[in-house]
Amino acid sequence: MFSQVESKSIDIGEKKYYLVTPEGLIFHEIPFEEIHNLTREVWVSSCPCCGGIQGYYYSKNEAKQISKFCVQCSCIHLFPVKRYKGYYKQNVNFRLLTKGYKEYRGIKYPYMDIHG
């Protein structure tokens, strides 16, 4: 339910738009023109043991460099012998984060809305 402050506030200034990963981390800022296309083909870096996602990247090399055993798995496998491929390309449905400022009765305050 919206409060009176939310319903009577007006947007001021410039809004910024960000892609947010399914896990809730900010991926990067996007222009307003791209807010209706939230699906991106990206490289996903994951732990080769448990498959836990470590990050999302546009570059294969970045995903490859980051792809290592996570903290929990590195404790189990103190000396991993085999080389594992812990990165792959995938279409990811990101969520949209909108950041900006609103004003209510002369008081300016920051706000964030997450969609999707």
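Residues numbered from 1 in each chain as written. Predicted model: local features only at pLDDT ≥ 70, side-chain atom pairs only at ≥ 80, totals over all residues. Heavy atoms only, no water.

(A) Region of the structure containing the overall build of the protein. Tallying secondary structure elements over the protein gives three helices and seven strands in all. For the protein, the sequential pattern of α-helices and β-strands runs α-β-β-β-β-α-α-β-β-β. Burial status across the protein gives 30% buried among its 116 residues. A total accessible area of about 8,500 Å² is found for the protein, and carbon and sulfur atoms account for 54% of it. (Helix = DSSP H or I, 4+ residues; strand = E, 2+ residues; numbered from the N terminus. Buried < 20%, exposed > 50% of the residue type's maximum accessible area, 1.4 Å probe, protein only. Areas by Shrake-Rupley, 256 points an atom, 1.4 Å probe, with all protein chains shown as cover.)

(B) A look at the sheet that holds strand E7 (residues 107-115). Here four strands make up an open sheet; going across it, the order is E2-E1-E6-E7 and the pairing antiparallel. Each edge of the open sheet is held by one strand with a lone partner, namely strand E2 (26-30) and E7. Strand-to-strand twist across the sheet, computed as the mean angle between neighbouring axes with direction ignored, equals 30 degrees. By the bridge criterion, four bridges tie strand E1 (residues 10-20) to E2 in an arrangement that is antiparallel. Bridge pairing in E2 links Val20 to Ile26. (Pairing = 2+ DSSP bridges. Axes fitted to C-alpha atoms, helices over the stretch in contact; angles between N-to-C directions.)

(C) How the structure looks around the pairing of strand E6 (residues 95-104). Pairing between E1 and E6: eight bridges, direction antiparallel. Residue pairing in the sheet places Ile10 in a bridge with Glu103 of E6. Relative to E7, E6 runs antiparallel, the two being bridged by nine bridges. Within E7, the residue paired with Tyr101 across the bridge is Pro110. Hairpin geometry of E6 and E7 is characterised by an intervening segment of two residues between the two adjacent antiparallel strands and by a positive phi of about 50 degrees at Arg105.

(D) Here's a closer look at the environment of Asn91. Structurally, Asn91 can be placed in strand E5 (residues 87-93). For the pair Asn91 and Glu41, spaced 50 residues apart in sequence, the C-alpha to C-alpha distance is 4.2 Å. Not counting chain neighbours up to four residues away, the residues in contact with Asn91 comprise Thr39, Arg40 and Glu41. (Contact = heavy atoms within 4.5 Å.)

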